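# Residue-level structural notes
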Amino acid sequence: MAGGHGRELTDDLEQALVAGDHATARRVAADLVGSSESDAALAVLARAATQSPQALELLLESLDASGVVRRFAGAGLLDKSAVDDVSQDSLISVAESIGSYGGRGKLTSWVHSIVRRRTVDYLRRQRDTVPLHEEVGPAARMSSMIATRATVQQVLAELPPTYRAPVTLRDLEGLPYAEIASKLNRPEGTVRAQVTRGRALVAARLRGGEGTAEGVSS
């Protein structure tokens, strides 16, 4: 993608987000992610995500679709299921703490720091003898909250249908991914991605956009 054209598209993305034209924003973001303007596009989405649930949804989609989170996780882990777990935990942490990203440096560098911490957390859980009271990973915690807390279920009901159905079937009804895929007539890989993104959106809505100290401490 030529630099000038890419910058024009980045401007188009920002204008679409300001105008609330999320269909255009999604289309332009898809063109930019993976291009030479990917970092600029992600920065635009990150700024908007602190104010707009739709922009946060698009940021999570873009990060997940770009493969950058899985690539960072895969650098420190060999097992595919471990990469899946850490990637999901990392996206949830991104959603919970996007307010702490101050635009200093590339968004991907900030995300990388989160993935490193979630990788360390995962390896520590695998290494240690896990007592019953030990904290579980963000994905397991979010799944448990969705299944047991009425307030979380209310937030879940407000999610876009694309994410609401897979998360409901997975975390409320406890169905395996293959069965969910069959029920929804979607590829299993798509269902897994939608559950991951849906859980992250629930986490972000519960935070109310305030964020945490992720990326600053811990």
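A quick note: this is a predicted structure, and the numbers were derived from the prediction, not measured.

Time to look at the environment of arginine 47. With respect to the helices and strands, arginine 47 occurs in helix α3 (residues 38-49). Separated by 51 residues in sequence, arginine 47 and isoleucine 98 place their C-alpha atoms 8.7 Å apart.

With that settled, consider the environment of aspartate 64. With respect to the secondary-structure elements, aspartate 64 resides in helix α4 (residues 53-66). Distance from aspartate 64 to glutamine 88, taken between C-alpha atoms, is 9.3 Å for residues 24 residues apart in sequence. Residues within four places of aspartate 64 in sequence aside, it is in contact with Leu91, Ala193 and Arg197.

Turning next to the confidence of the model for the protein. Chain-level statistics for the protein give a pLDDT mean of 86 and a share of 89% at 70 or above. Within the protein, helix α11 (residues 177-184) carries the highest mean pLDDT (96), whereas helix α8 (residues 138-148) carries the lowest (81). Confidence drops under a pLDDT of 50 for residues 209-218, and excluding neighbours within four residues, the segment shows 21 contacts in the predicted structure.

For the rest of this paragraph, the subject is unusual backbone geometry. With a phi close to 55°, asparagine 185 is a non-glycine residue in the positive phi region. Counting through the fold element by element, asparagine 185 comes out in the loop between α11 and α12 (188-207).

Our next topic: the nonpolar core. Counting 56 residues, the largest nonpolar core has Leu13, Leu59, Leu63, Ile98, Leu107 and Val111 as the members making the most contacts within it. With residues near it in sequence (within four places) discarded, leucine 63 still touches Leu42, Val68, Val69, Leu91, Val94, Leu107 and Val111.

Turning our attention to α8. Taken residue by residue, α8 has Pro138, Ala139, Met142, Ser143, Met145 and Ile146 as its buried positions. All buried residues of α8 project into a common sector of 165° when viewed along the axis, lining one side. Structurally, α8 contributes buried residues whose contacts are with α6 (80-97), α7 (107-127), α9 (150-157), α10 (161-172) and α12.

How each quantity is defined
- Every chain begins its residue count from 1, and numbering advances along the sequence as written.
- pLDDT decides what is reported in this predicted model: residues at 70 or higher carry local features, side-chain atom pairs at 80 or more are listed and counted, and totals for whole chains, interfaces and linings draw on all residues regardless.
- Side-chain measures were taken over the full set of non-hydrogen atoms in the model, leaving aside hydrogen atoms and water.
- Elements are defined by DSSP. Helices are runs of H or I of four residues or more, strands are runs of E of two residues or more, and each kind is numbered from the N terminus.
- Should any heavy atoms of two residues lie within 4.5 Å, those residues are counted as being in contact.
- Across the chain, each position has a pLDDT score giving the predictor's confidence in that residue, from 0 to 100.
- To form a nonpolar core, buried Ala, Val, Leu, Ile, Met, Phe, Trp, Tyr and Cys residues must be joined to one another through side-chain atoms within 4.5 Å.
- Only protein chains enter the accessibility calculation, which uses a 1.4 Å probe; a residue whose area is less than 20% of its type maximum is buried, one above 50% is exposed, and one in between is partly exposed.
- The arc in question is the one spanned by the directions pointing from the helix axis to the C-beta atoms.

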